[in-house]
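What follows is the residue order along each chain.
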Amino acid sequence: MRPKIAAGNWKMNGTAASLAELHSLATGLPENPPQVVICPPSTLLFRATDATHGSPIQIGAQDCHTEGAGAYTGDISATMVADSGATHVILGHSERRDAYGETDADVAAKAQAAWDAGLTAIICIGESEADRSAGTTLDVIAQQLAGSLPDGCTGENTVVAYEPIWAIGTGKIPTLEQIVEVHDFIRATLAERFGTDVSDALRLLYGGSVKPDNAAEIFKVDNVDGALIGGASLTPADFVPILQALSAT
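Residues numbered from 1 in each chain as written. Predicted model: local features only at pLDDT ≥ 70, side-chain atom pairs only at ≥ 80, totals over all residues. Heavy atoms only, no water.

Once that is clear, we can look at the sheet that holds strand E6 (residues 158-162). The strand order around the closed barrel built from eight strands is E1-E2-E3-E4-E5-E6-E7-E8, with neighbouring strands paired in parallel fashion. The average angle at which neighbouring strand axes cross in this sheet is 25°, direction not considered. In the sheet, strand E4 (residues 88-91) pairs with strand E5 (residues 120-125) via four bridges, with the strands oriented parallel. Paired with Leu-91 across the strands is Ile-123, a residue of E5. The strands touched by helix H11 (residues 236-247) are strand E1 (5-9), strand E2 (35-39) and strand E8 (226-229); relative to E1, the strand with the most contacts, the crossing angle is about 160°. (Pairing = 2+ DSSP bridges. Helix = DSSP H or I, 4+ residues; strand = E, 2+ residues; numbered from the N terminus. Axes fitted to C-alpha atoms, helices over the stretch in contact; angles between N-to-C directions. Contact = heavy atoms within 4.5 Å.)

This part is about the packing of aromatic side chains. Across all of its chains, the model carries one aromatic pair by this definition. An angle of 55° between the planes, with centres 6.2 Å apart, marks the rings of Tyr-162 and Tyr-206 as tilted. Of this pair, Tyr-162 sits in strand E6 while Tyr-206 sits in strand E7 (residues 203-207), and the two are 44 residues apart along the sequence. Like Tyr-162, the residue Tyr-206 is buried in the burial classification. The aromatic ring of Tyr-100 is capped on one face by Arg-96, whose charged end is 3.9 Å from the ring centroid. (Phe/Tyr/Trp six-rings, centres within 6.5 Å; stacked < 30°, edge-to-face > 60°. Buried < 20%, exposed > 50% of the residue type's maximum accessible area, 1.4 Å probe, protein only. Lys NZ or Arg CZ within 6 Å of the ring centre and 35° of its normal.)

With a phi angle near 55°, Lys-11 is a residue other than glycine that sits in the positive phi range. Mapped onto the secondary structure, Lys-11 falls in the loop between E1 and helix H1 (19-27). Lys-11 sits in the partly exposed class, given a relative accessible area of 22%.

Let us look at the pattern of salt bridges. Taken as a whole and assessed by the stated rule, the structure comprises 11 salt bridges. Glu-95 serves as the salt-bridge partner of Lys-11, at 2.8 Å between the closest nitrogen and oxygen. Remark: Glu-95 occurs in helix H4 (residues 94-100) and Lys-11 occurs in the loop between E1 and H1; sequence separation between them is 84 residues. Assessed through its relative accessible area of 38%, Glu-95 is described here as partly exposed. With a closest N to O distance of 2.9 Å, Asp-225 and Arg-187 form a salt bridge. With Asp-225 in the loop between helix H10 (215-219) and E8 and Arg-187 in helix H8 (residues 176-194), this residue pair connects regions lying 38 residues apart in the sequence. (Salt bridge = Lys/Arg side-chain N within 4 Å of Asp/Glu carboxyl O.)

This paragraph deals with the state of the cysteines. All chains considered together, the criterion is met by zero disulfides. With no disulfide of its own, Cys-39 lies closest to Cys-124 among cysteine sulfurs, the gap being 9.3 Å. For Cys-39, a relative accessible area of 0% gives the class buried. The thiol of Cys-64 is unpaired, and the distance to the nearest cysteine sulfur, on Cys-39, comes to 12 Å. A relative accessible area of 1% places Cys-64 in the buried class. (Disulfide = S-S within 2.5 Å.)

Moving on, we come to the side chain of Ser-209. Relative to the elements of secondary structure, Ser-209 occurs in the loop between E7 and H10. In this structure the side chain of Ser-209 is engaged in a polar contact, spanning 2.8 Å, whose partner is the backbone nitrogen of Gly-171. The residues touching Ser-209, leaving out its near neighbours within four places in the chain, are Ala-167, Ile-168, Gly-169, Thr-170, Gly-171, Lys-172, Ile-173 and Asn-214. (Polar contact = N/O pair within 3.5 Å; in protein donor to acceptor, adjacent residues only side chain to side chain.)

Taking 1.5 Å of rise per residue, the 12 residues of helix H7 (residues 137-148) would be expected to cover 16 Å, and the 16 Å separating its terminal C-alpha atoms lies within 8% of that figure. Against H4, helix H5 (104-116), E5, helix H6 (129-134), E6 and H8 lie the buried residues of H7. (Expected span 1.5 Å × (residues − 1).)

We now examine the environment of Cys-64. Assignment of secondary structure puts Cys-64 in the loop between strand E3 (57-61) and helix H3 (78-83). When the C-alpha atoms of Cys-64 and Arg-193 are compared, they prove to be 26 Å apart, with 129 residues separating the residues in sequence. Residues in contact with Cys-64, not counting those within four places in the same chain, are Ile-76, Ser-77, Ala-78, Val-89, Leu-91 and Lys-110.

This part covers the nonpolar core. If you look at the biggest cluster of nonpolar residues, it comprises 60 residues, and the most contacted ones within it are Leu-25, Ile-38, Ile-186 and Phe-219. The element best represented in this core is H11, accounting for six residues. The residues contacting Leu-25, other than those within four sequence positions of it, are Val-36, Ile-38, Ile-57, Pro-236, Phe-239, Val-240 and Leu-243. Counting residues in hydrophobic clusters, the runner-up holds 11 residues, among them Ala-7, Val-37, Ile-90 and Ile-122. (Core = buried A, V, L, I, M, F, W, Y, C linked by side-chain atoms within 4.5 Å.)

Shown next as structure tokens:
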């Protein structure tokens, strides 16, 4: 039985005042909560780990550099992320791939850097609306899995998050049949490459307009082990009901 996990991606939102939301979240968790990882902006990493000390909530970053240190103005290394007390890092989010031109190879190099620093990499994959319309979704997913996941993936160092790009923040979500198709395909593809022992241990998240009113239905899908959540993770009022739905599965 794979442990359930919910990761909240705050994106470029949050200041010091937002840390109060972490306290409210910690006190409002379900009785048997899933693993909860909140990924605030890098300016809050140190303070967020302090704010959640002693609670079940873990902290992650939203990106890291491939190098451990160097002349990379504005970047943050995996070593720095780990030094903050964070345990996870989101890599390959579609916004990074699209706006910053990150390739599968870039994501794989960042994942290796994350592992070397002792972090768990949450590696994002997903198709565009044009890919979905062209019927090439599974081809795109296969290519991203092959290129973005380094050799050496385990259930401890990697989580895979499927986020159809056209569903992120749009209110649109795939049908349950479409989610089943992609998540089953991911599991089978991982088994073919890494073996069933590894594939059975790797957790697969669904992301893209997950809300309190649709979470329970999504979490019924066999190969959905949790969610990567954007806007709904910013406030406990929206996030806790999603955690309750996940803990009930």
